[in-house]
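Single-letter residue listing:
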Amino acid sequence: MTPDYDALRQQVLSLTHGETDTVALMATLACEIHQHHPLSDWTGFYRVVAPELLKIGPYQGGHGCLVIPFSRGVCGACACTGQVQNVPDVDAFPGHIACASSTRSELVLPVRNGRGDLLGVLDLDSDTPAAFTPADEAFFADLLAEVFRDAV
Ligand code: SME
C-alpha cells in the first residue's frame, strides 16, 4: 500500500507555495503526509534546537517523546549521520525509542534547507512491519528538499 504520490505532492506544493516558515511547513506536511500515507500511524517532525539535540515539532498521531539527543533512537541516528533510516523491524534497531508499543517499522529522513542546514528530521512510524519502501524514501527525500529549500 503506497500513497498517491502525485496527489500528495500537488497538495503540499499548493498549500506551501511561497511559505518559508519552518514550523508552518512542518505542520502542513505532517497533516498531509499522515492523511495520504495509508501505513503511517504517527507522522511528525523533530527539530534541531541545539547542537546534538532534537525536540518535537508538529505531528499527527499519539503523543511523541519531547526530546531526543542525536545519540539515541532512529531519529538521533538520522540526525547524526544525515542518512535516511528505513527500519523494517524496530525491535531489531539498537536503541529504538518506542513512543508507542504498537510501532513495528519506521522511516526517518533528514530535513535540510537549500543552504544545507539540518533543520530536523521527518519521522514516520507504522504499526505494520516493513511498511516503508525505497519509493517512499525517494519521494519524501525529494519532497522535503523542494518544500524546505528556502526555509528559515
Ligand atoms: N521512534 C523514534 C522516536 C520518536 S517516537 O516514535 C514519535 C526514535 O527511535 O527515534
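Let me sum up the structure you'll find in this document. (Residues numbered from 1 in each chain as written. Predicted model: local features only at pLDDT ≥ 70, side-chain atom pairs only at ≥ 80, totals over all residues. Heavy atoms only, no water.)

Another aspect to go through is empty space enclosed by the protein. Going through the model one piece at a time under the given rule, you end up with one cavity of 30 Å³ or more. Approximately 70 Å³ is the volume found for the largest cavity. For the lining of the largest cavity, the elements supplying multiple residues, two or more each, are helix 3 (73–81) and strand 6 (118–126). The greatest single-element share of the lining of the largest cavity, amounting to three residues, is contributed by helix 3. When the residues that make up the lining of the largest cavity are grouped by side-chain class, the tally is seven nonpolar, two polar and three charged. (1 Å grid on protein atoms, 1.4 Å probe; cavity = no way out; pocket = protein on both sides within 12 Å on 5 of 7 lines; lining within 4 Å. Points joined across faces, edges and corners; volume = space filled by probe spheres on them. Helix = DSSP H or I, 4+ residues; strand = E, 2+ residues; numbered from the N terminus. Nonpolar A, V, L, I, M, F, W, Y, C, P; charged D, E, K, R; others polar.)

Taken in spatial order, the six strands line up as 3-2-1-6-5-4 in an open sheet, and their pairing is antiparallel. Across the chains shown, the open sheet's two edge strands, defined by having one partner strand only, are strand 3 (67–69) and strand 4 (85–87). Strand-to-strand, the axes of this sheet are offset by a mean angle of 25 degrees, without reference to chain direction. Note that strand 4 and strand 5 (residues 105–112) share three bridges and pair antiparallel. Counterpart to Q85 in the pairing with strand 5 is V108. Sitting on the sheet, helix 3 is in contact with strand 1 (42–50), strand 2 (53–60), strand 3, strand 4, strand 5 and strand 6, with an inclination near 35 degrees to strand 5. Along the sheet, helix 4 (residues 134–147) makes contact with strand 1, strand 4, strand 5 and strand 6, crossing strand 5 at roughly 25 degrees. (Pairing = 2+ DSSP bridges. Axes fitted to C-alpha atoms, helices over the stretch in contact; angles between N-to-C directions. Contact = heavy atoms within 4.5 Å.)

So, about the pattern of salt bridges. Throughout the structure, instances matching the rule amount to three salt bridges. Residue E146 is joined to R9 by a salt bridge in which the shortest nitrogen-to-oxygen separation is 2.9 Å. Taken together, the positions of E146 in helix 4 and R9 in helix 1 (residues 5–16) put the pair 137 residues apart, joining distant regions of the chain. Among the ionic pairs, R115 bridges to D117, the shortest N-O distance being 3.2 Å. Of the residues examined, R115 reaches a relative accessible area of 60% and is grouped as exposed. In this structure D117 comes out as partly exposed when scored by relative accessible area, which is 33%. (Salt bridge = Lys/Arg side-chain N within 4 Å of Asp/Glu carboxyl O. Buried < 20%, exposed > 50% of the residue type's maximum accessible area, 1.4 Å probe, protein only.)

Pairing of strand 1 with strand 6, which is carried by six bridges, proceeds in the antiparallel orientation. Each residue of the ladder has a partner; that of G44, found in strand 6, is D123. As paired strands, strand 1 and strand 2 are joined by six bridges and run antiparallel to one another. Residue pairing across strands places Y46 opposite I56, the latter belonging to strand 2.

Taken together, W42, Y46, I68, G73, V74, C75, H96, I97, C99, E106, D123 and D125 make up the full set of residues near the ligand. At 2.8 Å, a backbone N or O of C75 approaches an oxygen atom of the ligand. At 2.7 Å from a nitrogen atom of the ligand is found a main-chain nitrogen or oxygen belonging to I97. For the ligand, whose unbound accessible area comes to 310 Å², protein coverage reaches 100%. (Near = heavy atom within 4 Å. Polar contact = N/O pair within 3.5 Å; in protein donor to acceptor, adjacent residues only side chain to side chain. Areas by Shrake-Rupley, 256 points an atom, 1.4 Å probe, with all protein chains shown as cover.)

Here the focus is helix 3. Of all the nine residues making up helix 3, seven are buried; the element is thus mostly covered by neighbouring parts of the structure. Turning to helix 3, the residues buried within the fold contact strand 1, strand 2, strand 3, strand 4, strand 5 and strand 6. One or two steps after helix 3, the chain reaches G82, where phi turns positive at roughly 75 degrees.

From the geometry alone we can't say anything about function, so treat these as descriptive.
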